[in-house]
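# Overview (structure and organization)
Spelled out, the chains give:
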Amino acid sequence: MKFLALNCSSAGDVRLDKAFDLMIEKLGPTAEINKFTIRDLDIKPCYSCTAQYSYKYDDKCRCDDDMNKMYPFFKESDTWFFALKVEDIESLTYLRNLLDRMEPLFQPIYFLDNGMDFSSAPDIKLNGKIAGLVFCETEYKETAEKIAEHLESVSILFDKKFSSVELIDSKADDTYISERIDDMLNKLSEEITAL
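Note that this is a predicted model, so its numbers are computed, not measured.

Another aspect to go through is the overall build of the chain. Looking only at helices and strands, one finds 5 helices and 7 strands in the chain. For the chain, the α and β elements follow one another from N to C terminus as β-α-β-α-β-α-β-β-β-α-β-α. Here the chain holds 195 residues, and the buried ones make up 45% of them. Taking the contacts inside the chain whose residues are at least 6 apart along the sequence as the reference set, 75% of them involve residues at least 24 apart. For the chain, the accessible surface area stands at approximately 10,600 Å², while carbon and sulfur atoms represent 52% of it.

The structure is reproduced here in structure tokens:
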């Protein structure tokens, strides 16, 4: 099983970083894990190329930055895992930018005259999952819930199954955080076994 683990927090948060590493540790040695801290990468803002009438879909983005190196990991991974901490609207910058730049992974389905359809991106795993871990202060719980809903929408867009996004109060103790990570991984494991 291949996992893509993405730490999307805008600033280093010791508790989130620790939880992120704990989640990876709990996945165990049998999982193939590629992990990235988005704030450490050069990912430019989206140029909105798809808004141009003449745009043709390709598997490479026109922005020449680290995101082009990330696309193969998205394509090959069964599970995409997002982690972040919501402190304010600015704390969502890295996640928002990452999601915008996933556009080349989305390939439209074309319908032929005979009614058959095909996608121009056969190398993207369509049977995977999306899961997440969102730390938030109590006053940002509503924003964190909206992020969970948005990640569920992303799962539909990329034909992945939405597993869960665990919302964790930033003041929660380590035992509680560990239990929530266990719950999330157990749910993922049960869903993968059921396939």
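Let us keep going from here.
Counting across every chain of the model gives 13 salt bridges. For D42, the salt bridge is made with K44, and the minimal N-O distance between the two is 3.4 Å. Note on D42: relative accessible area 40%, which makes it partly exposed. The class for K44 is partly exposed, based on a relative accessible area of 28%. Note that E142 is salt-bridged to K146, the shortest N-O span being 3.7 Å. One end of the pair is E142 and the other is K146, both in helix α4 (residues 141-157) and 4 residues apart, which spans about a single turn. Comparing E142 with K146 shows no difference in burial state: the two are exposed. Residues participating in the shared-partner salt-bridge network are K85, E87, E137 and K171.

Buried residues of helix α2 (residues 67-76): M67, N68, M70, Y71, F74 and K75, and no others. Seen along its axis, α2 keeps its buried residues to an arc of 140 degrees; they face one direction. Buried residues belonging to α2 abut β1 (2-7), β2 (32-37), β3 (79-86) and α3 (93-100).

Turning next to the environment of L41. Tracing the chain through its elements places L41 in the loop between β2 and α2. Taking the C-alpha atoms as reference points, L41 and M67, separated by 26 residues in sequence, lie 8.1 Å from one another. Beyond its immediate sequence surroundings of up to four residues, L41 is in contact with F36, D66 and M70.

We now examine the environment of A144. Looking at the element boundaries, A144 is found in helix α4. A C-alpha to C-alpha distance of 9.3 Å links A144 and I168, two positions 24 residues apart in sequence.

Here we have 5 strands laid out as an open sheet, ordered β2-β1-β3-β6-β7, and parallel in their pairing. The open sheet has two edge strands with one neighbour each: β2 and β7 (161-169). Neighbouring strand axes in the sheet, compared pairwise and without regard to direction, differ in orientation by 15 degrees on average. Taken together, the 5 bridges between β1 and β3 define a ladder with parallel strand orientation. Bridge pairing in β3 links A5 to F81.

Criteria and cut-off values
Residues numbered from 1 in each chain as written. Predicted model: local features only at pLDDT ≥ 70, side-chain atom pairs only at ≥ 80, totals over all residues. Heavy atoms only, no water. Helix = DSSP H or I, 4+ residues; strand = E, 2+ residues; numbered from the N terminus. Buried < 20%, exposed > 50% of the residue type's maximum accessible area, 1.4 Å probe, protein only. Contact = heavy atoms within 4.5 Å. Areas by Shrake-Rupley, 256 points an atom, 1.4 Å probe, with all protein chains shown as cover. Salt bridge = Lys/Arg side-chain N within 4 Å of Asp/Glu carboxyl O. Arc of directions from axis to C-beta. Pairing = 2+ DSSP bridges. Axes fitted to C-alpha atoms, helices over the stretch in contact; angles between N-to-C directions.

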